[in-house]
Amino acid sequence: AQSVTQPDIHITVSEGASLELRCNYSYGATPYLFWYVQSPGQGLQLLLKYFSGDTLVQGIKGFEAEFKRSQSSFNLRKPSVHWSDAAEYFCAVVTYGQNFVFGPGTRLSVLP
Amino acid sequence: ETGVTQTPRHLVMGMTNKKSLKCEQHLGHNAMYWYKQSAKKPLELMFVYNFKEQTENNSVPSRFSPECPNSSHLFLHLHTLQPEDSALYLCASSQEAQRGDLQETQYFGPGTRLLVL
């Protein structure tokens, strides 16, 4: 069965530090990959997506993610975290004929 | 982001009440979705509508009744809910062509925070 894992439930970083959020998937075919962010009490906002081509994709708010087929991973990165980045981050995947599958989420806290 | 709107944003209801959640998308999409987000649980897909036809019902109890009168509007009718139904209900939309094609990017509304007393 297809699945998406985000190994880190909660991550805390200091403002200005670098960030990497992990996402791994289990699929028979190459999926299309997404990262969403959810601020408290809000819906999910699309950060970036990978469909094909360059495996390093740029998103909004200074985020980027790298697709590594050999590791079945799509990790999200940011070189310097801002306090406003504190939120919950969801990885999602979809393949042909299937619905979106979301990971359980990683909550990011940012220390001043 | 005002592409997908949801009303009301907050709702408190008793177990014997009947209420409806509304979702409207202004993106020209033809697929719409209802998700339930409970604390400490992954997003749960409830219903999928594609071209106004329901294509997915993930074993959702009958006390939740969806309605899609056109491709821009989606409702979730609620009746005789239970306290465990308290959650954030998210609506999303995407551009979708044929059934079985790849679902395009989903765009989410802000959600309705529901509390059942």
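Residues numbered from 1 in each chain as written. Chains lettered and ligands numbered in written order. Predicted model: local features only at pLDDT ≥ 70, side-chain atom pairs only at ≥ 80, totals over all residues. Heavy atoms only, no water.

### A look at the confidence of the model for chain A
1) Next: Overall, the predicted model of chain A reaches an average pLDDT of 92, with 99% of residues at or above 70.
2) Next: Per-element confidence in chain A ranges from a low mean pLDDT of 91 for strand β11 (residues 101-102) of chain A to a high of 98 for strand β3 (residues 19-21) of chain A. (pLDDT = per-residue confidence, 0-100. Helix = DSSP H or I, 4+ residues; strand = E, 2+ residues; numbered from the N terminus.)

### Focus: the packing of aromatic side chains
1) Next: All chains considered together, the criterion is met by 16 aromatic pairs over all chains.
2) Next: Where A:Y36 meets B:F108, the ring centres are 5.5 Å apart and the plane angle is 85°; that geometry is what we call edge-to-face. Of this pair, A:Y36 sits in strand β5 (residues 32-38) while B:F108 sits in strand β10 (residues 107-108), on two different chains.
3) Next: With a relative accessible area of 0%, A:Y36 lands in the buried category.
4) Next: Residue classification places B:F108 among the buried residues on the basis of a relative accessible area of 6%.
5) Next: Where A:F102 meets B:Y35, the ring centres are 5.6 Å apart and the plane angle is 90°; that geometry is what we call edge-to-face. Taken together, the positions of A:F102 in strand β11 and B:Y35 in strand β4 (residues 31-37) put the pair across two chains.
6) Next: Taken together through their ring pairs, the aromatic side chains of A:Y32, A:F34, A:Y36, A:F51, A:F100, A:F102, B:Y33, B:Y35 and B:F108 make up a single cluster. (Phe/Tyr/Trp six-rings, centres within 6.5 Å; stacked < 30°, edge-to-face > 60°. Buried < 20%, exposed > 50% of the residue type's maximum accessible area, 1.4 Å probe, protein only.)

### A look at the sheet that holds strand β7 (residues 64-70) of chain B
All names here are of chain B.
1) Next: As summarised here, the arrangement of the four strands in space is β1-β3-β8-β7, forming an open sheet in which the pairing is antiparallel. The sheet terminates laterally at β1 (4-7) and β7, the two strands that pair on one side only. Taking the axes of each pair of neighbouring strands and ignoring which way they run, one obtains an average angle of 20° across the sheet.
2) Next: As paired elements, β7 and strand β8 (residues 73-79) share five bridges and run antiparallel to each other. The residue of β8 that forms the bridge with E67 is F75. (Pairing = 2+ DSSP bridges. Axes fitted to C-alpha atoms, helices over the stretch in contact; angles between N-to-C directions.)

### Examining the interface of chain B and chain A
A common measure of how large an interface is: the accessible area buried when the components associate.
1) Next: If you look at the interface, chain B gives 21 residues, while chain A gives 21 residues.
2) Next: Interface area for chain B against chain A, summed over the two sides, is near 1700 Å², with a carbon-plus-sulfur share of 57%.
3) Next: Counting every contact that joins chain B to chain A gives zero salt bridges.
4) Next: Our enumeration of links across chain B and chain A arrives at five residue pairs in polar contact (both at pLDDT 80 or more).
5) Next: If you list the elements that add at least two residues to the side of chain B that touches chain A, you get β4, β5 (44-50), β9 (87-94) and β10 of chain B.
6) Next: Residues that form the side of chain B that touches chain A fall into these classes: 11 nonpolar, six polar and four charged. (Contact = heavy atoms within 4.5 Å. Buried area = accessible area lost by both parts, 1.4 Å probe. Salt bridge = Lys/Arg side-chain N within 4 Å of Asp/Glu carboxyl O. Polar contact = N/O pair within 3.5 Å; in protein donor to acceptor, adjacent residues only side chain to side chain. Nonpolar A, V, L, I, M, F, W, Y, C, P; charged D, E, K, R; others polar.)

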